[in-house]
Amino acid sequence: KEGLRSTMNLDTSLLKGGYLAYSDRYDQLLSSWKAGELQLQQLVLNLQTRAAAIRPQSVQAWTTEFRAALPEFLAGLAAYYTISKSGDSFARLSKAGSHRRRHSTSSEATPDAAVDTSLVLQRPHLIQILALLRLLGFDSQTSDQTSPLDRQLVQIRTGEGKSLILGFASVLLALLGFRVRCVCYSTFLSQR
């Protein structure tokens, strides 16, 4: 218990702030999408434009300003994931629920009418976002000349979303102009 934790430089308040910034932005993006104000292609274009504007030349040029933008990038990627993965199901349930409410009286209400459609949306878990913030050096206290990506190790338990974490990190780094290669022992996980 004391060995690894005593040598780690972990700023939990910084990570918590990063997660809260991510969560606020993610909720804003989903609300805009639910209201019909944001389309998936527009979200992609916004991510690409923002990445091009702030693109570091190398991981050594990962400035404090850039690190501060990481929660926003992760929120955009997470919103894309949520919408592309479960947006159609959400829209169908919302439409069906709206149709039922318009065509029924309160005495005819069914248990299905009370379905919380927001539960249909697949969201990244807290541990996945915290792992990404940590892996990408969000909480790094290093100077701007030192790479926050050096010597990063995150242990993720079975079922906690290693594939999603790797996917998000890969997409983010690719958006930023880095060449990305993912290697895995499992063909199934590599294709996933």
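Attention in this report is confined to the structure presented alongside it. Just so it is clear, the structure is predicted and the values come from calculations on it, not from any experiment. (Residues numbered from 1 in each chain as written. Predicted model: local features only at pLDDT ≥ 70, side-chain atom pairs only at ≥ 80, totals over all residues. Heavy atoms only, no water.)

1. A short note on the nonpolar core
Okay, step 1: In terms of nonpolar packing, the biggest core is built from 40 residues, with Phe73 and Leu172 touching the most fellow members.
Okay, step 2: Secondary structure elements with two or more residues in this core: α2 (12-34), α3 (40-54), α4 (64-102), α5 (126-135) and α6 (162-175).
Okay, step 3: In terms of residues, this core owes the most to one element, α4, which gives 11 residues.
Okay, step 4: In this view, Phe73 contacts Leu47, Arg50, Ala51, Ile54, Phe66 and Leu172; residues no more than four positions away in its chain are not counted. (Core = buried A, V, L, I, M, F, W, Y, C linked by side-chain atoms within 4.5 Å. Buried < 20%, exposed > 50% of the residue type's maximum accessible area, 1.4 Å probe, protein only. Helix = DSSP H or I, 4+ residues; strand = E, 2+ residues; numbered from the N terminus. Contact = heavy atoms within 4.5 Å.)

2. A look at the packing of α2 against α5
Okay, step 1: Look at α2 against α5: their axes get within 10 Å of each other, and the N-to-C directions meet at 120 degrees. Between α2 and α5, the crossing angle belongs to the class labelled oblique. In this structure, α2 meets α5 at a crossing whose hand is right-handed. Across the interface between the two elements, Leu15, Gly18, Tyr19 and Tyr22 from α2 touch Leu126, Ile129, Leu130, Leu133 and Arg134 from α5.
Okay, step 2: Of the residues assigned to the contact of α2 with α5, the class counts are 7 nonpolar, 1 polar and 1 charged. (Axes fitted to C-alpha atoms, helices over the stretch in contact; angles between N-to-C directions. Parallel < 35°, antiparallel > 145°, perpendicular 65-115°, else oblique. Left-handed = near helix turned anticlockwise from the far one by under 90°. Nonpolar A, V, L, I, M, F, W, Y, C, P; charged D, E, K, R; others polar.)

3. Things to note about the packing of aromatic side chains
Okay, step 1: Taken as a whole and assessed by the stated rule, the structure comprises 5 aromatic pairs.
Okay, step 2: Where Tyr19 meets Tyr22, the ring centres are 5.6 Å apart and the plane angle is 40 degrees; that geometry is what we call tilted. Of this pair, Tyr19 and Tyr22 both sit in helix α2, separated by 3 residues, roughly a single helical turn.
Okay, step 3: Overall, Tyr19 belongs to the partly exposed group, its relative accessible area being 22%.
Okay, step 4: Ring centres of Tyr22 and Tyr26 lie 5.7 Å apart, and the angle between their planes is 25 degrees; on these two criteria the pair is classed as stacked. Note that Tyr22 and Tyr26 are positioned in helix α2 at a spacing of 4 residues, about one turn of the helix.
Okay, step 5: On the basis of relative accessibility, which here comes to 3%, the residue Tyr22 falls in the buried class.
Okay, step 6: When its relative accessible area of 3% is taken as the criterion, Tyr26 is described as buried.
Okay, step 7: Following the ring pairs from residue to residue traces out a cluster consisting of Tyr19, Tyr22 and Tyr26. (Phe/Tyr/Trp six-rings, centres within 6.5 Å; stacked < 30°, edge-to-face > 60°.)

So, to be careful, I would describe these as geometric facts and stop short of saying anything about function.
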